[in-house]
Amino acid sequence: MAFMDQVRKTWMGTKNMGDNAALSNEISERERQIEQLYAQLGRWYYAAHQGEPEPELASVVQQIDVAMAELQEKKRLLQEKLGLTNCPQCGREVPSVNPFCSYCGCRLPQKKQTVCRVCGTALVEGAMFCTVCGERVPQQVQPPETTPAHPQESCPRCSTVRKEGVRFCPTCGFDYEQAAAEME
């Protein structure tokens, strides 16, 4: 009989362990839900009282402001390194070399692009070497080539020189192919 009592105790202990694990999981899940609610409350408070926080919370709000500004700057630096920008109209991330947003068509602000004097690859600002051919970039980088593929071709709308294989004018967005089709 003692053996059966021992088996019964072991079984009950195992059952209790399962019950205990389930209860422990319920506790952990509830604690996680409470933390999410605290975070939601904190975000709500921050949004509602950012300009005028309670005196005892002013330093926390200021720390959040500083952290958010640092985060925005790091995101901007990463975008710059990846050659991306945000469209001023729709806010989507697009290559900064595009003259127009590929999602909404808005004209994107353009920086003057410099190119490698050997291979013509667009260079990142401050680059010391071309990433394609390895050429050392002189202090004064030459501007992009302005010689057209067909010397007489330029945009009829803004007079920008048309490069070979380009359908749209990079300056004003004029559609060369559509204009050619309409002339035929």
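Details of the structure are given in the entry above.
Residues numbered from 1 in each chain as written. Predicted model: local features only at pLDDT ≥ 70, side-chain atom pairs only at ≥ 80, totals over all residues. Heavy atoms only, no water.

Student: Just give me the short version of the overall build of the protein chain, but keep the residues and values in it.
Tutor: If you tally the helices and strands in the protein chain, you get three helices and four strands. Helices and strands appear in the protein chain in the N-to-C order α-α-β-β-β-β-α. Contacts spanning at least 24 positions in sequence make up 12% of the contacts within the protein chain whose residues lie at least 6 apart. Carbon and sulfur atoms make up 56% of the accessible area of the protein chain, which amounts to about 14,800 Å² in all. (Helix = DSSP H or I, 4+ residues; strand = E, 2+ residues; numbered from the N terminus. Contact = heavy atoms within 4.5 Å. Areas by Shrake-Rupley, 256 points an atom, 1.4 Å probe, with all protein chains shown as cover.)

Student: Give a description of the side chain of Gln79 that names residues and reports values.
Tutor: Looking at where Gln79 falls in the secondary structure, it is placed in helix α2 (residues 58-82). Separated by 2.6 Å, the side chains of Gln79 and Asn86 make a polar contact. Setting aside anything within four residues of it in sequence, one finds Gln79 in contact with Leu84, Thr85, Asn86 and Glu93. (Polar contact = N/O pair within 3.5 Å; in protein donor to acceptor, adjacent residues only side chain to side chain.)

Student: Now, about the packing of aromatic side chains: what can you tell me, with residues and values included?
Tutor: Tallied over the entire structure, the rule returns zero aromatic pairs. A cation sits over an aromatic face here: Arg92 above Tyr103, 3.7 Å from the ring centre. (Phe/Tyr/Trp six-rings, centres within 6.5 Å; stacked < 30°, edge-to-face > 60°. Lys NZ or Arg CZ within 6 Å of the ring centre and 35° of its normal.)

Student: Which residues make up the side chain of Asp175, and what values do they have?
Tutor: Take Asp175: it is sitting in the loop between β4 (122-123) and α3 (176-183). Judged by relative accessible area, Asp175 falls into the buried class, the value being 12%. Among the polar contacts made by the side chain of Asp175, one reaches the main-chain amide nitrogen of Glu177 at a distance of 3.1 Å. From its side chain, Asp175 meets the backbone nitrogen of Gln178 in a polar contact 3.1 Å long. Asp175 has contacts with Arg167 and Phe168, leaving out every residue within four places of it along the chain. (Buried < 20%, exposed > 50% of the residue type's maximum accessible area, 1.4 Å probe, protein only.)

Student: Please provide a residue-by-residue account of the environment of Pro95, values included.
Tutor: The residue Pro95 is located in strand β2 (residues 93-95) in this model. Judged by its relative accessible area of 33%, Pro95 is partly exposed. Separated by 16 residues in sequence, Pro95 and Gln79 place their C-alpha atoms 9.1 Å apart. Apart from residues lying up to four places away in sequence, Pro95 is in contact with Gly83, Leu84, Thr85 and Leu108.

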